[in-house]
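So you can see what is in the structure, the chains are spelled out below.
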Amino acid sequence: MDRQKLESVAQAIVAPGKGVLAADESFPTIEKRLKSINLESTEEYRRGYRELLFTTDGVEEFIGGVITFDETMRHETVDGIPFPELLTSRGIYPGIKVDKGTRDLALYPGEKFTQGLDGLRERLAEYVELGAAFTKWRTVYTIGKDIPTEYGYNANAASLAQYAALCQEAGLVPIVEPEVLMDGDHTIERCEEVTTYALEAVFAELFAAGVSLEGMLLKPNMILSGKDCSVQAGVQEIAEATIRVLKRTVPSAVPGIVFLSGGQTPAQATENLSAMNAIGGFPWQMSFSYGRALQEETLNSWLGKSENVPEAQNVFYRRAKLNSLARYGEYTPELETAAV
Ligand code: 13P
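Residues numbered from 1 in each chain as written. Predicted model: local features only at pLDDT ≥ 70, side-chain atom pairs only at ≥ 80, totals over all residues. Heavy atoms only, no water.

Undergrad: Mind showing me how you'd approach the overall build of the protein here?
TA: A count of helices and strands for the protein gives 12 helices and 10 strands. Relative to the compact-globule value of 20 Å for 340 residues, the protein shows a C-alpha radius of gyration of 19 Å, a close match. Overall, the protein is about 50 × 45 × 40 Å in size when its C-alpha atoms are taken along their principal axes. By the burial criterion, 55% of the 340 residues in the protein qualify as buried. If you take every contact in the protein between residues at least 6 apart in sequence, the share linking residues at least 24 apart comes to 78%. Of the accessible surface of the protein, which amounts to about 14100 Å², a share of 50% is contributed by carbon and sulfur atoms. Each charge class in the protein was averaged separately, 32 positive and 48 negative side chains, and the resulting centres sit 1 Å apart. (Helix = DSSP H or I, 4+ residues; strand = E, 2+ residues; numbered from the N terminus. Rg over C-alpha atoms; globule rule 2.2 N^0.38 Å. Buried < 20%, exposed > 50% of the residue type's maximum accessible area, 1.4 Å probe, protein only. Contact = heavy atoms within 4.5 Å. Areas by Shrake-Rupley, 256 points an atom, 1.4 Å probe, with all protein chains shown as cover. Lys, Arg positive; Asp, Glu negative; His and termini not counted. Charge placed at Lys NZ, Arg CZ, Asp CG, Glu CD.)

Undergrad: Teacher, can you tell me more about unusual backbone geometry here?
TA: Residues apart from glycine generally show negative phi values, whereas peptide bonds are mostly found in trans. Pro148 follows Ile147 through a cis peptide bond whose omega is 0°. Within the fold, Pro148 resides in the loop between strand E6 (134-141) and helix H7 (150-169). Backbone geometry at Asn38 places phi at a positive 60°, although glycine is not the residue there. Of note, the phi angle at Leu107 is positive, near 70°, even though the residue is not glycine.

Undergrad: When you look at the pairing of E6 in this model, what are you seeing that I'm missing?
TA: Within a regular strand, side chains alternate between the sheet's two faces. Buried residues dominate E6, accounting for seven of its eight residues. Here strand E3 (residues 93-97) pairs with E6 via three bridges, running parallel. Bridge pairing links Gly95 to Phe134 in E6. As paired strands, E6 and strand E7 (residues 173-180) are joined by eight bridges and run parallel to one another. In the sheet register, Arg138 faces E7, and the bridge partner there is Glu177. (Pairing = 2+ DSSP bridges.)

Undergrad: What is the right way to read the pairing of E3 from this model?
TA: Across the five residues of E3, four count as buried, placing the element largely inside the fold. Here strand E2 (residues 63-68) runs beside E3; their pairing, made up of four bridges, is parallel. Bridged to Thr68 within E3 is Ile96.

Undergrad: Explain the pattern of salt bridges to me, please; I cannot follow it from the model alone.
TA: Charged atoms that come close allow side chains of opposite charge to pair. Counted under the stated rule, the structure contains 20 salt bridges. The salt bridge involving Arg46 is made with Glu71; its shortest N-O contact spans 2.8 Å. Residue Arg46 is found in helix H3 (residues 43-54), and its partner Glu71 is found in helix H4 (residues 70-73); the two are separated by 25 residues along the sequence. When sorted by exposure, Arg46 lands in the same class as Glu71, which is buried. Between Glu193 and Arg190 there is a salt bridge whose closest N-O contact spans 2.8 Å. With Glu193 and Arg190 both in helix H8 (residues 188-209) and three residues apart, this pair spans about one turn of that helix. On the basis of relative accessibility, which here comes to 23%, the residue Arg190 falls in the partly exposed class. When salt bridges with common partners are traced through the structure, they connect Asp24, Lys136 and Glu177 into a single cluster. (Salt bridge = Lys/Arg side-chain N within 4 Å of Asp/Glu carboxyl O.)

Undergrad: Please explain the environment of Gln268 as it appears in this structure.
TA: Note on placement: Gln268 falls in helix H10 (residues 266-279). Residues Gln268 and Val235, spaced 33 residues apart in sequence, show a C-alpha to C-alpha distance of 8.3 Å.

Undergrad: Mind showing me how you'd approach the nonpolar core here?
TA: In a soluble, globular protein the nonpolar side chains are often hidden away together inside. In terms of nonpolar packing, the biggest core is built from 87 residues, with Ile63, Leu206 and Met286 touching the most fellow members. Broken down by element, this core gets its largest block of residues, nine residues, from H8. Residues in contact with Ile63, not counting those within four places in the same chain, are Lys18, Gly19, Leu21, Ile92, Phe288, Leu294 and Ala320. Residues Val9, Val20, Leu217 and Val258 belong to the second largest nonpolar core, which totals 14 residues. (Core = buried A, V, L, I, M, F, W, Y, C linked by side-chain atoms within 4.5 Å.)

Undergrad: Whenever I open this one, the packing of helix H6 (residues 120-130) against H7 confuses me. Can you help?
TA: Helix packing for two helices is described by the angle between their axes and how far apart those axes are. In the contact formed by H6 and H7, the axes pass within 10 Å of each other and the chain directions differ by 40°. In terms of their interaxial angle, H6 and H7 are classed as oblique. Seen along the crossing, H6 lies across H7 with a hand that is right-handed. Listed contacts from H7 to Leu120, Arg121 and Leu124 of H6 are Tyr163, Leu166, Cys167 and Glu169. (Axes fitted to C-alpha atoms, helices over the stretch in contact; angles between N-to-C directions. Parallel < 35°, antiparallel > 145°, perpendicular 65-115°, else oblique. Left-handed = near helix turned anticlockwise from the far one by under 90°.)

Undergrad: Just to check I follow, could you spell out the site of the ligand for this structure?
TA: With respect to spatial proximity, 13 residues lie near the ligand, and among them Lys136, Lys219, Ser261, Gly262 and Arg292 are the closest. Between Gly262 and the ligand, the recorded distance is 2.7 Å, taken from a backbone N or O atom to an oxygen atom. Protein coverage of the free-state accessible area of the ligand, which is 300 Å², stands at 91%. Those elements that provide at least two residues to the shell around the ligand are E6 and strand E10 (285-290). (Near = heavy atom within 4 Å. Polar contact = N/O pair within 3.5 Å; in protein donor to acceptor, adjacent residues only side chain to side chain.)

Now the structure itself:
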């Protein structure tokens, strides 16, 4: 493994002011997103929408990497430029989601297990050929009365570690994504507890697998109240709890933490990130790898119409810039309605 190359790519993706665009929706997920604007999930809508995002002028200032999905990695612009080449030429690292989604964890009701380790080494070799520089693998934890279980934490952590080891062997920077879901009526304290266990298990397995911490990125959830919890924690509480959990569990050798948005609104995700960076005092770049929170407004301005592309690109540029400001703790909610 070329440790130096992995480290320099990982650091470049989270260079100051930059984060990641997660545009790696699988077929079922992109179908859901397109349906939300009354579009059918045709290949041309999927391709055209990604072209809109990837050709937005100036976003390379704020976006260091884009996570794509298998189909998107093989798509090109209308002018015939393959997407990985387009992104690379703009100074944006192309990445690829390599897990195959989750299934029920056998004999553990309510828990999930991520698929896709079989044949992963061979798939990674192909993605390197296609121009990928980094990858993503997501495990999912639902909070319930007696879940996650110790077995659930450990099984998922082991899959993340094996994935990360295979990626580094192939010269790809792994983004390790253990996601504790917001769904449910649990308190912020319970989210803190579960996320702490999940991250503890993940780093124990990464260590056992020999993964270079300097050559990876962590993509965790923020510490939030459950969506249906009657008491919703505020921004400061979220920022403090999230920093506390990460300080307890994430070695300082990891170059960057890139949060998922997980169902927060675009403004919430930006505000929470900014609050953490305003507090500061941690050893990692604290950044974003948002899917919905970076794209929701763009999708809603595009609506599948070519005449809306320029405005949709303005909207995307604006949200990317606001998140870049959040990297410095310089976002304020007033900016939502100001010219940026
Ligand atoms: P969200 O930001 O929409 O949670 O998506 C990020 C992601 O990549 C989930 O796997």
